[in-house]
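Structure assessment
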Amino acid sequence: MSSRSVVIERPGEHRLETGPPPEPGPGEVRLRVAAAGICMSDREVYDGHRDAAYVRYPVVPGHEWSGTVDAVGAGVDAGLVGRGAVAEGFRNCGICRRCRGGDTSLCAAGYDETGFTRPGAFADHVVVPARLLHPLDGDADLRAAALLEPAAVVAAAVRAGRAEAGERVAVVGAGTLGLLAVQLLAAGSPGELAVVDPRAERGLRALEFGASEALAPQEAAELAGRYDLVVETAGAPSTAASSCLLARRGGRVVLTGMFTPGATGIDPVHLSLSQLTVRSVFGAPSSAWSFAVRAFGAGLIDPGPLITHEFPLEGFADAVALVGGGDPKTGKVLLRP
């Protein structure tokens, strides 16, 4: 048996490599990849724009994925073989103070993540520590389950925002994170659920996913101070600052988008006078993964409709070119080994 993988040797250079399947070591499992999503972080790795502290070349990307366990290492329950599953990306140590407190995404051992510093799932097979595995229900749609990684990030944001039934909530950005946030927030019965995005097509999609209103940024600016909770998912240069303006006095803002240097700063005068609570989310702790997997199993979130394009591993160049290309009709792009 052979196994293929997409290897980014250095920014802008990749190859499709074929070799023997990776073998799981003690405490590890190997999964046959069913589907792997491509996100902007993967595009940044390919273009060479990701912070050097958060990538290690050469690398097999792929941190959004699902698969079926086909081999286990020593000390791992053989009953996992044949189970559909997803796995946490952060290779947390599990023993530091942060991990023991449940904040596994803040592991003090340093950054280490599947698809960035360890071989990821743009491949036929991927090997991960068994302790990071989240088995799925037997009838789970593995194609849709590939998006449980961004769903876990959204779950971390929603939990950090402490959304309550009947509240006015705004989601800034209607990309993958934003639309998943709409699904999860809608399940909590908000009084209002507005989505802010300059792309009308994305706004219409948000309405289909449970939003009560879709607003262009100019329209949203007229509603400053209206919302109890604002979940920012866009990572655009101005959205951290504009999200804080949307929140009411004493409101909460959760920043989930990945910002780049030069983004507009949050006004400290507004922040202090409005008594806002501002949180940020980078990745997801184990508890958020469990939350997302449970919500997926219960049908509260369905990532499948976000998928618009699927490619074989050989089509990686065409697939990654679509991501971040600006076409509002491009949703989630998958590789299907």
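Residues numbered from 1 in each chain as written. Predicted model: local features only at pLDDT ≥ 70, side-chain atom pairs only at ≥ 80, totals over all residues. Heavy atoms only, no water.

A word on the sheet that holds strand β11 (residues 227-232)
Pairing within the open sheet is parallel, and its six strands lie in the order β10-β9-β8-β11-β12-β13. Pairing within the sheet leaves two strands with one partner each, and these edge strands are β10 (213-215) and β13 (277-280). Pairwise comparison of adjacent strand axes, ignoring direction, gives a mean angle of 20° for this sheet. Pairing analysis gives five bridges linking strand β8 (residues 168-172) to strand β9 (residues 192-196), with the strands arranged parallel. Bridged to R168 within β9 is E192. Of the strands in this sheet, β11, β12 (247-255) and β13 touch helix α4 (residues 148-161), which is tilted by about 155° from β12. (Pairing = 2+ DSSP bridges. Helix = DSSP H or I, 4+ residues; strand = E, 2+ residues; numbered from the N terminus. Axes fitted to C-alpha atoms, helices over the stretch in contact; angles between N-to-C directions. Contact = heavy atoms within 4.5 Å.)

Some remarks on helix α5 (residues 176-186)
Where burial is concerned, most of α5 is hidden: nine out of the 11 residues are buried. Buried within α5 we find T176, G178, L179, L180, A181, V182, Q183, L184 and L185. (Buried < 20%, exposed > 50% of the residue type's maximum accessible area, 1.4 Å probe, protein only.)

Observations concerning the nonpolar core
Counting 48 residues, the largest nonpolar core has L136, L148 and L185 as the members making the most contacts within it. Elements represented by at least two residues in this core include exactly α3 (142-145), α4, β8, α5, β9, β11 and α10 (286-297). Among the elements that take part in this core, α4 stands out by supplying 10 residues, more than any other. Excluding residues within four positions of it along the chain, L136 makes contact with R83, G84, A85, V86, L142, A145, L148 and V293. Membership of the second largest hydrophobic core comes to 35 residues, among which are V29, V33, V55 and F116. (Core = buried A, V, L, I, M, F, W, Y, C linked by side-chain atoms within 4.5 Å.)

Quick look at the packing of α4 against α10
Each pair of packed helices gets described by two things: the angle between the helix axes and the distance between those axes. Two elements in contact, α4 and α10, have axes separated by 8 Å at closest approach and are oriented at 110°. What the angle tells us is that α4 and α10 run roughly perpendicular. As for the relative orientation of α4 and α10, their crossing is right-handed in sense. Residues L148, E149, A151, A152, A155, A156 and R159 of α4 lie in contact with α10, whose contacting residues are S287, A288, W289, F291, A292, V293 and F296. For the contact of α4 with α10, the residue count by class is 11 nonpolar, one polar and two charged. (Parallel < 35°, antiparallel > 145°, perpendicular 65-115°, else oblique. Left-handed = near helix turned anticlockwise from the far one by under 90°. Nonpolar A, V, L, I, M, F, W, Y, C, P; charged D, E, K, R; others polar.)

Quick notes on the UniProt feature "domain: Alcohol dehydrogenase-like N-terminal" (unreviewed entry) in the chain
According to UniProt, the "domain: Alcohol dehydrogenase-like N-terminal" (unreviewed entry) feature falls on residues 25-136. Segment residues 25-136 splits into 11% helix and 29% strand. End C-alpha atoms: 23 Å apart. (UniProt positions renumbered as here; feature names shortened; annotations may be inferred.)

Focus: unusual backbone geometry
For the peptide bond that leads from Y57 to P58, omega is -10°, which places it in the cis range. By the element assignment, P58 lies in the loop between α1 (40-47) and β4 (64-72). Unlike most non-glycine residues, R162 shows phi in positive territory, near 50°. For R162, the location among the structural elements is in the loop between α4 and β8. Although it is not a glycine, S189 sits at a positive phi angle of roughly 55°. Position of S189 relative to the elements: it lies in the loop between α5 and β9. Overall, the relative accessible area of 48% leaves S189 in the partly exposed class.

Points about the UniProt feature "domain: Alcohol dehydrogenase-like C-terminal" (unreviewed entry) in the chain
As recorded in UniProt, the feature "domain: Alcohol dehydrogenase-like C-terminal" (unreviewed entry) lies at residues 177-291. As annotated, residues 177-291 has a helix share of 39% and a strand share of 23%, and its two end C-alpha atoms lie 15 Å apart.

So, the environment of V59
Locating V59 in the fold gives a position in the loop between α1 and β4. Spatially, the C-alpha atoms of V59 and T114 are 9.6 Å apart, while their sequence positions differ by 55 residues. In this view, V59 contacts V6, V7, I8, V45, G115, F116 and R118; residues no more than four positions away in its chain are not counted.

As for the pattern of salt bridges
Between side chains of opposite charge, a pair can form when the charged atoms approach closely. Throughout the structure, instances matching the rule amount to 19 salt bridges. Taking the shortest distance from any N to any O, the salt bridge between R15 and E17 comes out at 2.7 Å. We classify R15 as partly exposed; its relative accessible area is 34%. The salt bridge partner of K332 is E64, with a shortest N-O separation of 2.9 Å. (Salt bridge = Lys/Arg side-chain N within 4 Å of Asp/Glu carboxyl O.)

Details of a nonpolar patch on the surface
There is a patch of nonpolar side chains on the surface, built from Y54, M258 and F282 and spanning about 260 Å² of accessible area. Counting through the fold element by element, F282 comes out in the loop between β13 and α10. A relative accessible area of 35% means that F282 is categorised as partly exposed. (Patch = residues over 30% accessible without salt bridge, like charges linked within 9 Å, V, L, I, M, F, W, Y side chains within 5 Å. Areas by Shrake-Rupley, 256 points an atom, 1.4 Å probe, with all protein chains shown as cover.)

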